[in-house]
Amino acid sequence: MQQLIDPFGRPIEYVRLSVTDRCDLRCNYCMPKGFRDFEEPEQWLDFTEIERVIGAFGRLGVTRIRLTGGEPLVRHNIPELASRLAALPNIEDLSLSTNATRLDKHAQALRQAGISRINVSLDSLRPERFREITQGRLEKVLSGLMAARDAGFAPIKINMVVMAGVNDDEVEDMVEFCIEHGFTLRFIETMPMGSTGASAGRQYVNLQDVRRQLARRFELIPGVMHGGGPARYVRIAGTELRIGFITPISQHFCDTCNRVRLTADGTIYLCLGQNDKLELRPLLRAGAGDHDLEQAILAAIARKPERHEFSEKPEQVVRFMSMTGG
Ligand code: SAM
Ligand code: SF4
């Protein structure tokens, strides 16, 4: 099979597909509270256009797709899109990142549509604090999580953005919660994306410190976990719990980057921390054939930057995380 290789010799086999930039929550490190400046749906690729683009990526060697957003489940008929993408040649792994507020309704249909793995954002287990961070209701998320477990998703990964003075005192509670429910846990460092991410930068916690804190209470066994992503994992001795540390700032992982991002309006972003992009929508709507699409994707990959510069140029990325989906 063909492989997509970027200028730094990295095989690109993973696309993060943002299906909407809208969200029913307002996590304060991601989206501003009153934020309304969303893309118009008319600009969004429809399912047939998405299918064509992902089909082209698949022919070029991409095997893994993650649906993300914004909140992917606020877009209608995501199970239908999932089953169309799962049926494409070469697409072996279809996963979803969600805030889980709507999972209680959709978990079963998503599973049947061919989504195998899900990641759920959860930054606090305290209802009041959860509301302060997200403007949403914790109980919705918890019932969504339980519905996902009942629908047979495994692993279910909990993503917790650790913030100083906000939720860093809940790290051990989250470990216990994940042991109890059989979830995998990943801690994430805040990234300076958009104005919200920039202010969250003030709450930055170096995850090396969290790891040291956990090591005082638990025996941590270094190990790997399949996922192909940037998390470095440990297992807690005597349990099945795996904990990943996603450390874009304290230990960046750009040398093994295997992914690009596609936004709802059909723009390929080559790096989460850079502005390099290529818009596919004008091509698609001008009647480009499959070969033209593949050539455009190859041209985009040829522009993939070597690494992000979150530390050197934290003000550089003005777009919000909800646009490119993390
Ligand atoms: N709405 C879904 C969710 O929350 O999982 C998917 C999209 S969300 C943008 C994807 C991930 O990005 C979440 O785990 C979220 O915590 C993370 N994220 C958003 N803004 C961030 C920031 N400034 N720094 C670090 N992680 C961020
Ligand atoms: Fe929405 Fe996810 Fe951003 Fe939170 S992190 S505001 S749930 S897109």
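### Brief notes about the overall build of the chain
Of the regular secondary structure elements, the chain holds eleven helices and twelve strands. Relative to the globule expectation of 20 Å for 326 residues, the C-alpha radius of gyration of the chain, 19 Å, shows essentially globular dimensions. Each principal axis of the C-alpha distribution contributes one length, and for the chain these read about 60 × 45 × 40 Å. Counting every position in the chain, which comprises 326 residues, the buried fraction comes to 56%. Within the chain, contacts between residues at least 6 apart in sequence are counted, and of these 73% link residues at least 24 apart. Here the chain has roughly 13700 Å² of accessible surface; of this, 49% comes from carbon and sulfur atoms.

### Remarks on the site of ligand 2
Ligand 2 sits among Cys 23, Leu 25, Cys 27, Cys 30, Gly 70 and Asn 99. Its residues assigned to classes, the shell around ligand 2 comprises four nonpolar, two polar and no charged.

### Digging into the packing of helix α3 (residues 103-113) against helix α5 (residues 138-150)
Running from N to C, α3 and α5 cross one another at 20 degrees; their axes reach a closest spacing of 8 Å. Classified by the angle between their axes, α3 and α5 sit roughly parallel to one another. Judged by the sense of rotation from one axis to the other, the crossing of α3 with α5 is right-handed. The residues of α5 that touch α3, namely those facing Leu 103, Asp 104 and Ala 107, are Lys 140, Ser 143, Gly 144, Ala 147 and Ala 148.

### Regarding the site of ligand 1
Taken together, 19 residues surround ligand 1, and among them Tyr 29, Gly 70, Glu 71, Ser 121 and Met 191 come closest. Note that a nitrogen atom of ligand 1 is positioned 3.0 Å from one of the backbone N or O atoms of Gly 70. A distance of 3.4 Å separates an oxygen atom of ligand 1 from a polar backbone atom of Thr 98. The set of elements that each furnish at least two residues to the shell around ligand 1 consists of β3 (93-98) and β5 (156-161). Classifying every residue of the shell around ligand 1 by side-chain character gives six nonpolar, eleven polar and two charged.

### Let's talk about the environment of Ala 299
The topology assignment puts Ala 299 in helix α10 (residues 290-301). Taking the C-alpha atoms as reference points, Ala 299 and Leu 278, separated by 21 residues in sequence, lie 8.6 Å from one another.

Procedures and definitions
- Residues numbered from 1 in each chain as written.
- Chains lettered and ligands numbered in written order.
- Predicted model: local features only at pLDDT ≥ 70, side-chain atom pairs only at ≥ 80, totals over all residues.
- Heavy atoms only, no water.
- Helix = DSSP H or I, 4+ residues; strand = E, 2+ residues; numbered from the N terminus.
- Rg over C-alpha atoms; globule rule 2.2 N^0.38 Å.
- Buried < 20%, exposed > 50% of the residue type's maximum accessible area, 1.4 Å probe, protein only.
- Contact = heavy atoms within 4.5 Å.
- Areas by Shrake-Rupley, 256 points an atom, 1.4 Å probe, with all protein chains shown as cover.
- Near = heavy atom within 4 Å.
- Nonpolar A, V, L, I, M, F, W, Y, C, P; charged D, E, K, R; others polar.
- Axes fitted to C-alpha atoms, helices over the stretch in contact; angles between N-to-C directions.
- Parallel < 35°, antiparallel > 145°, perpendicular 65-115°, else oblique.
- Left-handed = near helix turned anticlockwise from the far one by under 90°.
- Polar contact = N/O pair within 3.5 Å; in protein donor to acceptor, adjacent residues only side chain to side chain.

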